[in-house]
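# Coordinate analysis (summary)
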Amino acid sequence: MLMKNEYDAVVIGGGPAGSGAATAAAKNGLRVLMIEKRAEIGSPKRCGEGLSKSAAERMGIKESDPAWVCQNIKGATVYAPNGKFARVDFPDSEGWVIERKIFDKNLARKAAEAGATVVSKTEAISLLKENDKIIGVRIKHQDEEMDVKAKIIIAADGVESKIAREAGINTTLKHEDIASAAQYEMANVDVDQDRLELYFGNEIAGGGYVWIFPKGGKNANVGIGVRKPFAKRKAIEYLNDFINSHENLKKGSIIEFNTGGVPVGAIMKNMVTDNFIVAGDAAHQVNPIHGGGISESYVGGRIAGEIAAEAIKKDNTSKEFLSKYNDIWWNERGEKLQKIEKLRKVVESLKDDDLNWLADHLKGEDLVELSKANKFKFLAEIMMKRPSLLLLARKLI
Amino acid sequence: MIEVNKNKCLRCGGCISLCAVSALMLTEHGIKCDINKCVNCEACVRFCPVDALKIKDE
Ligand SMILES: Cc1cc2nc3c(=O)[nH]c(=O)nc-3n(C[C@H](O)[C@H](O)[C@H](O)COP(=O)(O)OP(=O)(O)OC[C@H]3O[C@@H](n4cnc5c(N)ncnc54)[C@H](O)[C@@H]3O)c2cc1C
Ligand code: SF4
Ligand code: SF4
């Protein structure tokens, strides 16, 4: 095998966060190993596969690639519990529904082309420590265990991450901070192929929403994320009910079945320790209102890779130095995501009546602004017109 | 101790993120629970999107 037993940096996980980290670290001159425990990067997916153009730009993707674009998206239709909807059709809400299996592999290929060694079917078993200091990682490649030394370990091991905890960083999530998600990739369904559809309501999806993301032709990802304590039933039960009550979906077939956990809060102040950085889902770097994490993870990984390179060049991989990653990430993404988390907390407190009322008072362009966390004040002002929402509205200001 | 219904579990790993004592593991044979670590808090059971987990009496 092409693996050595010593690198500057080992990246654990081959998702967007891992590829972002490995690409940046290799481009900046580090000797990098990225390991992925699954046999195939990107598969099975845990994703609705929605990617906005603005998110792609943050990842450095300027043009779409027909290899991973399944459907061009012009906007979204957002449904209130009573079926009333608002259409969002603006340049800012454009994007694609993509094929993650191809997209993630392409990101990994870019990491390899930048100079990183990428190896699938290779799992991080535990961190190697010497006098309490992290000095590498024990890995299992196929059925062979070996120790790999590294100056920095970047944990990009996704929602099932345990490596960060081993490094002493508590990443355990509470129910309110993780959506429980289920999704069918469906064929032979009649849906608007130009727009994403989002359905809100406590009976439809307690503490979350149902999404229909069109995947070209007569295909779509139809999924749901719900959260305790708002959800009274399992995600899959809500989803099956939803599909059974929509004739355009009910007649469809199931091509793939996915489940997953989506961190939607618990944004972390500290994501480093000596010789160690955590990024992506593992560090809860996800948009708290819609659960989008492809670009957030990639960007978090990229910053981690850049700081790792700087640290190694300066021969200072201490927690103090690496905390520059916290600062840069918070400046670039964290502040914004924290504002969005505040919005999420307000939205989840809305009763179905309130949501219906809001649907009458919000316009499509308002929703775009909200999703970008640009202006909450106008939402607060609208909510203040309804006495029962007065207290909640204050939380937004 | 947690019992996994392998017919239901899709190996998404979501449950692991809620286990404060790191008792759960995602292996190629599915989710495994470490009987020595599990404190029967049921966080994972309540999370699982497809109801694949149950507390089992030891
Ligand atoms: C149902 C669902 C729908 C979603 N929909 C969207 C959407 O429409 N748009 C969007 O932007 N985001 C969406 N997300 C979120 C998005 O999928 C994630 O935020 C994103 O994949 C996170 O990237 P990551 O690299 O941090 O983690 P992952 O993509 O999960 O990658 C982590 C990788 O690490 C590997 N790994 C774990 N442990 C080890 C180990 N010990 N050794 C080696 N490898 C290991 C895993 O096998 C995995 O491949 C959705 C999530 C879910 C669950
Ligand atoms: S959350 Fe449920 S489906 Fe996902 S890995 Fe855990 S037991 Fe399996
Ligand atoms: S019951 Fe609690 S301690 Fe046991 S595996 Fe589940 S989350 Fe972990």
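Residues numbered from 1 in each chain as written. Chains lettered and ligands numbered in written order. Predicted model: local features only at pLDDT ≥ 70, side-chain atom pairs only at ≥ 80, totals over all residues. Heavy atoms only, no water.

Summing up its helical and strand segments, chain B has 1 helix and 4 strands in all. When the helices and strands of chain B are listed from N to C terminus, the series reads β-β-β-α-β. Here chain B has a C-alpha radius of gyration of 10 Å; the compact-globule value for 58 residues is 10 Å, and the two agree. Its C-alpha atoms give chain B principal-axis dimensions of about 25 × 20 × 20 Å. Within chain B, the fraction of its 58 residues that count as buried is 48%. (Helix = DSSP H or I, 4+ residues; strand = E, 2+ residues; numbered from the N terminus. Rg over C-alpha atoms; globule rule 2.2 N^0.38 Å. Buried < 20%, exposed > 50% of the residue type's maximum accessible area, 1.4 Å probe, protein only.)

Here the focus is the site of ligand 2. Looking at ligand 2, there are 13 residues lining it, with Cys9(B), Cys12(B), Gly13(B), Cys15(B) and Cys48(B) nearest. At ligand 2, the nearby residues belong to more than one chain, namely chains A and B. For the shell around ligand 2, the residue count by class is 10 nonpolar, 2 polar and 1 charged. (Near = heavy atom within 4 Å. Nonpolar A, V, L, I, M, F, W, Y, C, P; charged D, E, K, R; others polar.)

A word on the packing of aromatic side chains. Residue and element names in this part refer to chain A. Within the structure shown, the criterion is met by 10 aromatic pairs over all chains. For the ring pair Trp68 and Trp96, a centre distance of 5.5 Å and an interplane angle of 80° mean the geometry is edge-to-face. Here Trp68 is found in the loop between helix H2 (53–58) and strand E4 (69–73), whereas its partner Trp96 is found in strand E7 (residues 95–98), with 28 residues between them in sequence. Trp68 sits in the buried class, given a relative accessible area of 4%. Residue classification places Trp96 among the buried residues on the basis of a relative accessible area of 5%. Ring centres of Trp211 and Phe213 lie 6.2 Å apart, and the angle between their planes is 40°; on these two criteria the pair is classed as tilted. Each member of the pair, Trp211 as well as Phe213, is classed as buried. (Phe/Tyr/Trp six-rings, centres within 6.5 Å; stacked < 30°, edge-to-face > 60°.)

This part covers the sheet that holds strand E16 (residues 253–263) of chain A. Hydrogen bonding along the main chain pairs the strands of a sheet, whether they run parallel or antiparallel. Residue and element names in this part refer to chain A. One open sheet accounts for 7 strands, arranged E6-E5-E13-E14-E15-E12-E16; its pairing is mixed. Looking at the sheet topology across the chains shown, the edges are occupied by strand E6 (85–88) and E16. In this sheet, adjacent strand axes meet at a mean angle of 15° when their direction is disregarded. Helix H5 (residues 235–244) contacts strand E12 (178–187), strand E13 (195–199), strand E14 (209–214), strand E15 (220–226) and E16 of the sheet and is inclined by roughly 40° relative to E12. (Pairing = 2+ DSSP bridges. Axes fitted to C-alpha atoms, helices over the stretch in contact; angles between N-to-C directions. Contact = heavy atoms within 4.5 Å.)

Here we come to the packing of helix H7 (residues 294–313) of chain A against helix H8 (residues 319–348) of chain A. Residue and element names in this part refer to chain A. Viewed as axis vectors pointing N to C, H7 and H8 meet at an angle of 155°, and their least axial separation amounts to 9 Å. In terms of orientation, H7 and H8 fall into the roughly antiparallel class. Crossing of H7 against H8: the hand is right-handed. Residues Glu296, Val299, Gly300, Arg302, Ile303, Ala304, Ile307, Glu310 and Ala311 of H7 touch H8, and the partners they reach there are Phe321, Leu322, Lys324, Tyr325, Ile328, Trp329, Glu332, Arg333 and Leu337. Residues of the contact of H7 with H8, tallied by class, amount to 11 nonpolar, 1 polar and 6 charged. (Parallel < 35°, antiparallel > 145°, perpendicular 65-115°, else oblique. Left-handed = near helix turned anticlockwise from the far one by under 90°.)

It is worth spelling out the nonpolar core at this point. The biggest cluster of nonpolar side chains holds 82 residues, and the ones touching the most others in it are Val10(A), Ile153(A), Phe276(A), Ile277(A), Val278(A), Tyr325(A) and Met383(A). In terms of residue count, the dominant contributor to this core is H8(A) (9 residues). The two domains that each donate at least three residues to this core are domain 1 (6–45 + 101–171 + 266–322) and domain 3 (342–394) of chain A. In this view, Ile153(A) contacts Val10(A), Ile12(A), Leu127(A), Ile134(A), Gly136(A), Val137(A), Asn275(A), Phe276(A) and Ile277(A); residues no more than four positions away in its chain are not counted. Among the nonpolar cores identified, the runner-up in size contains 47 residues, and Tyr238(A), Ile243(A), Ala23(B) and Val50(B) belong to it. (Core = buried A, V, L, I, M, F, W, Y, C linked by side-chain atoms within 4.5 Å. Domains from an automatic or database assignment.)

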